[in-house]
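Architecture at a glance
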Amino acid sequence: MGRWAGPKYPEGPPANYDPENPHADPVALLEHREYEVRRKEVGVAKAQILRERMRLCYIKEGVNHIQNCKPVVEQYLDSIKNVGIHRQNAGMYERRGRQSENE
């Protein structure tokens with residue numbers, strides 16, 4: 001017996017998921033949601049790593065952090081765009097969101 005390598009997740013979204021009619025196959029719908037949550041958690045983890053790099057750069061550079069840490073800050077700001085899993089389990093209302101409230 002070898003070492004346990006962790007859980008095995010599919011590489012992409014389920015093949016039988018239909019975005020036009022997501023409730024046709026409930027199993028594929030749940031697998032698709034799990035895939036989206038995993039993908040977004042990876043984005044959150046990347047943002048956390050970049051935030052830590054930015055913090056260490058600020059500490060290391062001191063008063064020159066504005067000039068010397070600019071590339072790290074730009075990477076961090078790019079990584080936090082559209083990151084988060086706060087709306088993943090909204091069910092049938094996840095497509096509408098705030099757009100229908102404002103109309």
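About the criteria used
- Residues numbered from 1 in each chain as written.
- Predicted model: local features only at pLDDT ≥ 70, side-chain atom pairs only at ≥ 80, totals over all residues.
- Heavy atoms only, no water.
- Helix = DSSP H or I, 4+ residues; strand = E, 2+ residues; numbered from the N terminus.
- Expected span 1.5 Å × (residues − 1).
- Buried < 20%, exposed > 50% of the residue type's maximum accessible area, 1.4 Å probe, protein only.
- Contact = heavy atoms within 4.5 Å.
- Disulfide = S-S within 2.5 Å.
- Core = buried A, V, L, I, M, F, W, Y, C linked by side-chain atoms within 4.5 Å.
- Axes fitted to C-alpha atoms, helices over the stretch in contact; angles between N-to-C directions.
- Parallel < 35°, antiparallel > 145°, perpendicular 65-115°, else oblique.
- Left-handed = near helix turned anticlockwise from the far one by under 90°.
- Nonpolar A, V, L, I, M, F, W, Y, C, P; charged D, E, K, R; others polar.
- Salt bridge = Lys/Arg side-chain N within 4 Å of Asp/Glu carboxyl O.

Details of helix α1 (residues 26–61)
Helix length check: α1 (36 residues) gives 52 Å between terminal C-alpha atoms against 52 Å at 1.5 Å per residue, within 8%. Three or more residues of α1 are buried, namely Ala28, Leu29, His32, Arg33, Tyr35, Glu36, Gly43, Ala47, Leu50, Met54 and Cys57. Summarising the contacts, the buried residues of α1 are in contact with α2 (65–68) and α3 (70–79). Among the residues trailing α1, Gly62 stands out with phi positive, at a value near 70°.

Remarks on the state of the cysteines
On inspection of all chains with the given rule, the structure shows 1 disulfide. The disulfide partner of Cys57 is Cys69, and the S-S distance across this bridge is 1.9 Å. One quick way to see it: the torsion about the S-S bond of Cys57 and Cys69 is about -95°, and its sign makes the bridge left-handed. One end of the pair, Cys57, is in helix α1; the other, Cys69, is in the loop between α2 and α3, with 12 residues separating them in the sequence. For Cys69, a relative accessible area of 0% gives the class buried.

Here's the deal with the nonpolar core
Counting 8 residues, the largest nonpolar core consists of Ala47, Leu50, Met54, Cys57, Cys69, Val72, Val73 and Tyr76. Of all the secondary structure elements, the ones that give two or more residues to this core are α1 and α3. Take this core: its biggest share by element is 4 residues, from α1. Setting aside residues no more than four positions away along its own chain, Val72 makes contact with Leu50, Arg53 and Met54.

Considering the packing of α1 against α3
For any two helices packed against each other, one specifies the inter-axial angle together with the distance between the axes. At a minimum axis separation of 9 Å, α1 and α3 run at an interaxial angle of 155°. Looking at the two axes, α1 sits roughly antiparallel to α3. For the crossing formed where α1 meets α3, the hand is left-handed. Taken together, the residues of α3 that come into contact with α1 (itself represented by Ala47, Leu50, Arg51, Arg53, Met54 and Tyr58) are Val72, Val73, Gln75, Tyr76 and Ser79. Across the contact of α1 with α3, the residue classes break down as 7 nonpolar, 2 polar and 2 charged.

A closer look at the pattern of salt bridges
Scanning all chains against the criterion turns up 3 salt bridges. Its salt-bridge partner being Glu36, residue Arg39 comes within 2.5 Å of it at the nearest N-O pair. Residue Arg39 and its partner Glu36 are both found in helix α1; the two are separated by 3 residues, about one turn of the helix. Note on Arg39: relative accessible area 43%, which makes it partly exposed. With a closest N to O distance of 3.7 Å, Asp78 and Lys81 form a salt bridge. Overall, the relative accessible area of 52% leaves Asp78 in the exposed class. A relative accessible area of 55% places Lys81 in the exposed class.

Nothing here speaks to function; it is all geometry.
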